[in-house]
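Observations on the three-dimensional arrangement
Letter by letter, the chains look like this.
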Amino acid sequence: MTAPVLVTGAGGYLGPHVVESLLDRGHSVTAVVRPGSGATLDPRADVLEIDVLSEEFATDIPAASGIVHLAWQDGFAHNSPAHMMNVSAHFRLLTAAAAAGVPRIVALGTMHEVGYWEGAIDAATPTAPMSQYGIAKDALRKSLAQAISATTSFTWARCFYIFGDDRRNNSIFARVLDAADAGKRTFPFTTGTNKFDFIEVSELGVQIAALFGAPDATGIVNCCTGVPVSLADKVEEFIAQRGLDISLEYGAFPDRPYDSPAIWGDAERINEIVSRASTS
């Protein structure tokens, strides 16, 4: 019997969608979640409760056909000290997995590794992160590329702005819903002019599952749509689609200094991988 795919962070925002997509593609999956997380996952998956950043897990990694490493603390709090404090534990886990003979590792990255950039991001775009989140992810990517890429099929899935399943995240879309639930008629907002690459969380799950099944696709792969949309347009669309009785108060907050006027991913490679997976 083929060993399962280990999905760390399976109980988080993105995890259930990746687990489901891997199962739909015929993989067996062990969903790794925090003890007592109470995560609701696809019943086809086995569930393992353990702290993935513990020495215990790193020294006794279950047999696996590969790892999809999604686990990350404080992903929506870009300047949390937890980002850099945990980098060594992530590195210990994934290098131990490679040393144990796990043949395929896909780890979740972020466009915030790049920092301020105008235009499309591709695998060769230089990185200059401007938040603790981006700095930590960039450091982990570079360290893993040096440590395991010569012996392991290693891919860094660089993700962009995720939305959908909005009751389970801490994005601006979730905050708009919370404000509407509280009866507020206005929502303090930035200028909203910045353009980003928004990807729906279930679509991202499909992309990552397809990427796992493409061991030849190593290095950085953008997981995105390749289409820049202004933040204002996306949030206004979100409000209209849900019939929310709330309006945006433009200019109430300053734009973040590390957000560029327009930034998106070059989606050519991921589109080819997903297309290939859909015909296999």
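Structure: above.
Residues numbered from 1 in each chain as written. Predicted model: local features only at pLDDT ≥ 70, side-chain atom pairs only at ≥ 80, totals over all residues. Heavy atoms only, no water.

1. As for helix α6 (residues 201-212)
With twelve residues, α6 should reach 16 Å at 1.5 Å per residue; the first-to-last C-alpha distance of 17 Å fits that figure. Judged by how many residues are buried, α6 sits mostly within the fold: nine of twelve residues are covered. (Helix = DSSP H or I, 4+ residues; strand = E, 2+ residues; numbered from the N terminus. Expected span 1.5 Å × (residues − 1). Buried < 20%, exposed > 50% of the residue type's maximum accessible area, 1.4 Å probe, protein only.)

2. Thoughts on the pattern of salt bridges
Close approach of charged atoms allows side chains with opposite charge to pair. Tallied over the full model, the rule gives eleven salt bridges. Here R276 makes a salt bridge to D216, at a shortest N to O gap of 3.3 Å. Taken together, the positions of R276 in helix α8 (residues 268-278) and D216 in the loop between α6 and β11 (219-223) put the pair 60 residues apart, joining distant regions of the chain. Judged by its relative accessible area of 53%, D216 falls in the exposed class. Here the residues in one salt-bridge network are E113, D138, R141, K142 and R158, joined through shared partners. (Salt bridge = Lys/Arg side-chain N within 4 Å of Asp/Glu carboxyl O.)

3. Quick look at the packing of aromatic side chains
Per the stated rule, a full pass over the model turns up ten aromatic pairs. Among the aromatic residues, those joined into a ring-pair cluster are Y161, F163, F173, F196, F198 and F238. The lysine or arginine in question, K137, covers the ring of W72, its NZ or CZ lying 4.0 Å from the ring centre. (Phe/Tyr/Trp six-rings, centres within 6.5 Å; stacked < 30°, edge-to-face > 60°. Lys NZ or Arg CZ within 6 Å of the ring centre and 35° of its normal.)

4. What to know about helix α1 (residues 15-24)
Among the ten residues that make up α1, eight are buried, leaving the element largely enclosed by the rest of the structure. Every buried residue belonging to α1 is among G15, P16, H17, V18, V19, S21, L22 and L23, and all of these are buried. Those residues of α1 that are buried lie in contact with β1 (5-8), β2 (29-33), β4 (66-69) and α6. Looking one or two residues beyond α1, the residue adopting positive phi is G26, at roughly 95°. (Contact = heavy atoms within 4.5 Å.)

5. Quick word on the sheet that holds strand β8 (residues 161-163)
The strand order β8-β10-β12 describes an open sheet built from three strands, whose pairing is mixed. Every other strand in the sheet has two partners, leaving β8 and β12 (228-230) as the edge strands with one partner each. Each strand axis lies, on average, 60° off the axis of its neighbour in the sheet, ignoring direction. Contacts from α6 reach β8 and β10 (195-200) within the one sheet, and its direction differs from that of β10 by about 75°. (Pairing = 2+ DSSP bridges. Axes fitted to C-alpha atoms, helices over the stretch in contact; angles between N-to-C directions.)

6. Remarks on the nonpolar core
Within the largest apolar cluster, 61 residues are counted, with the highest numbers of intra-cluster contacts made by V7, L22, V68, V176, I208 and V235. With seven residues, the single largest contributor to this core is α6. In contact with I208, other than residues within four places in its own chain, are L14, V18, V68, L108, C159 and C223. (Core = buried A, V, L, I, M, F, W, Y, C linked by side-chain atoms within 4.5 Å.)

7. What to know about the sheet that holds strand β3 (residues 46-49)
Across the sheet, seven strands lie side by side as β3-β2-β1-β4-β5-β7-β11; this open sheet has parallel pairing. A strand with exactly one partner marks an edge of an open sheet, and here the two such strands are β3 and β11. On average, adjacent strands in this sheet sit at an angle of 20° to one another, irrespective of strand direction. Bridge analysis of strand β5 (residues 104-110) against strand β7 (residues 153-159) gives seven bridges, and the strand direction is parallel. Counted as the bridge partner of A107 is W156 from β7. Most of the contacts of helix α4 (residues 132-148) go to β7, to which it runs at about 165°, and overall it touches β5, β7 and β11.

8. Observations concerning unusual backbone geometry
Leaving glycine out, the prevailing phi sign among residues is negative, and the prevailing peptide bond configuration is trans. Its identity as a non-glycine residue notwithstanding, D74 has a phi of 60°, on the positive side. Topologically, D74 is positioned in the loop between β4 and α3 (82-99). For D74, a relative accessible area of 32% corresponds to the partly exposed category.

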